[in-house]
Amino acid sequence: MKLNISRALGTVLLLSCAASAAAGGLKVIDPWVRSAPPNAPALGVFMTLENHSAADRAVVAARSSMTVDRVELHRTMMAGGVMKMMPQNAIPVASRSATVLKPGSWHIMLIGPDKVPAMGDKVRLTLVLDDGTEQSFEAIVRHGEMNMKTQDHQMKHE
Ligand SMILES: [Cu+2]
């Protein structure tokens, strides 16, 4: 009888841990959209995603409040000696780690915007995670840092 009770308690504890990890989702830090000329064919979206849970997580889709042809998950990588943007099925964010979406690396691409937002505008974004949860937040439109030193650094490491 005693054994059964402790087993039952153990199950309840495990369930509550799993529930809080799922509810935690990802922490979205400093989301921003790179400002672009009014005729820009696409806009890059960047942020840091932190996963404080015990489970690996991934962003599998994204949506925007803007009218666009489509939203894609991208990663800029070396391909045949040149840096190329490659569409990805998911952006992984491993357990207890962070994935940085930044120019020259992982990013979200708003393709075919109806109207390019102005500097300082806020764009509402929704991330769809691999466990089915969704997270919405606002990203601010600002200048991208075009620092060649930083870009060189990124290329060496990726
Ligand atoms: Cu891209």
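Reading the values: rules and limits
- Residues numbered from 1 in each chain as written.
- Predicted model: local features only at pLDDT ≥ 70, side-chain atom pairs only at ≥ 80, totals over all residues.
- Helix = DSSP H or I, 4+ residues; strand = E, 2+ residues; numbered from the N terminus.
- Buried ≥ 20, exposed ≤ 12 C-beta atoms within 10 Å, placed from the backbone.
- Contact = placed C-beta atoms within 7 Å.
- Core = buried A, V, L, I, M, F, W, Y, C linked by C-beta atoms within 7 Å.
- pLDDT = per-residue confidence, 0-100.
- Pairing = 2+ DSSP bridges.

**Student:** So what exactly am I meant to see when it comes to the overall build of the chain here?
**Tutor:** When you go through the chain residue by residue, the secondary structure sums to two helices and ten strands. Its helices and strands in sequence order give the chain the pattern α-β-β-β-β-β-β-β-β-β-β-α, from N to C terminus. Relative to its full complement of 158 residues, the chain shows a buried share of 20%. Residue pairs in contact within the chain that sit at least 24 positions apart in sequence constitute 66% of those at least 6 positions apart.

**Student:** Explain the nonpolar core to me, please; I cannot follow it from the model alone.
**Tutor:** Counting residues in hydrophobic clusters, the biggest one holds 21 residues, and the most contacted among them are Val45, Val59, Ile91, Leu101 and Ala139. Within the residue set of this core, elements represented by two or more residues are strand E2 (42-51), strand E3 (57-64), strand E6 (91-93), strand E8 (106-113) and strand E9 (122-129). Not counting residues within four places of it along the chain, the set of residues in contact with Val45 comprises Val33, His107, Ile108, Leu110, Leu125 and Ala139.

**Student:** When you look at the confidence of the model for the chain in this model, what are you seeing that I'm missing?
**Tutor:** Residues shown with low pLDDT carry predicted positions that ought not to be read at fine detail. Averaged over every residue, the pLDDT of the chain is 84; residues scoring 70 or more account for 76%. The low-confidence segment residues 12-23, where pLDDT is below 50, has five contacts with residues more than four positions distant or belonging to other chains. Confidence drops under pLDDT 50 across residues 147-158; counting only partners more than four residues distant or on other chains, this segment forms five contacts.

**Student:** Hey, could you run me through unusual backbone geometry in this one?
**Tutor:** Backbone phi values are negative for most residues with the exception of glycine, while trans is the configuration of most peptide bonds. Even without glycine at this site, Asp30 takes up a positive phi of about 50°. Tracing the backbone through its elements, the reader meets Asp30 in strand E1 (residues 27-34). Unlike most non-glycine residues, Arg96 shows phi in positive territory, near 50°.

**Student:** Which parts of the structure should I look at to understand the pairing of strand E10 (residues 134-142)?
**Tutor:** Taken residue by residue, a regular strand's side chains alternate between the two faces of the sheet. Pairing analysis gives three bridges linking E1 to E10, with the strands arranged parallel. Pairing of Trp32 across the sheet is with Ile140, part of E10. Two elements, E9 and E10, share seven bridges in a ladder whose sense is antiparallel. Across the sheet, residue Val123 finds its bridge partner in E10, namely Ala139. A loop of four residues connects E9 with E10, the two strands running antiparallel in sequence, and Gly132 in this loop sits at a positive phi of about 90°.

**Student:** Please clarify how the environment of Thr76 should be interpreted in this entry.
**Tutor:** Relative to the helices and strands, Thr76 is located in strand E4 (residues 68-79). Measuring from C-alpha to C-alpha, the distance between Thr76 and Trp106 comes to 6.4 Å, with 30 residues separating the pair along the chain. Other than its neighbours up to four places away in sequence, Thr76 contacts Met83, Lys84, Met85, Gly104 and Ser105.

**Student:** Which parts of the structure should I look at to understand the environment of Pro41?
**Tutor:** Structurally, Pro41 can be placed in the loop between E1 and E2. Residue classification places Pro41 among the exposed positions, given that 11 C-beta atoms sit within 10 Å.

**Student:** Help me understand the pairing of E3, please; the structure alone is not making it clear to me.
**Tutor:** As judged from the three bridges shared by E3 and E6, these two strands associate in the antiparallel manner. Across the sheet, the residue bridging to Val59 is Ile91, located in E6. Looking at chain direction, E3 and E9 are connected through five bridges and run antiparallel. Paired with Val59 across the two strands is Leu129, which belongs to E9.

**Student:** Just to check I follow, could you spell out the environment of Pro37 for this structure?
**Tutor:** Positionally, Pro37 belongs in the loop between E1 and E2. Between the C-alpha atoms of Pro37 and Pro117, which are 80 residues apart in sequence, the distance is 9.2 Å.

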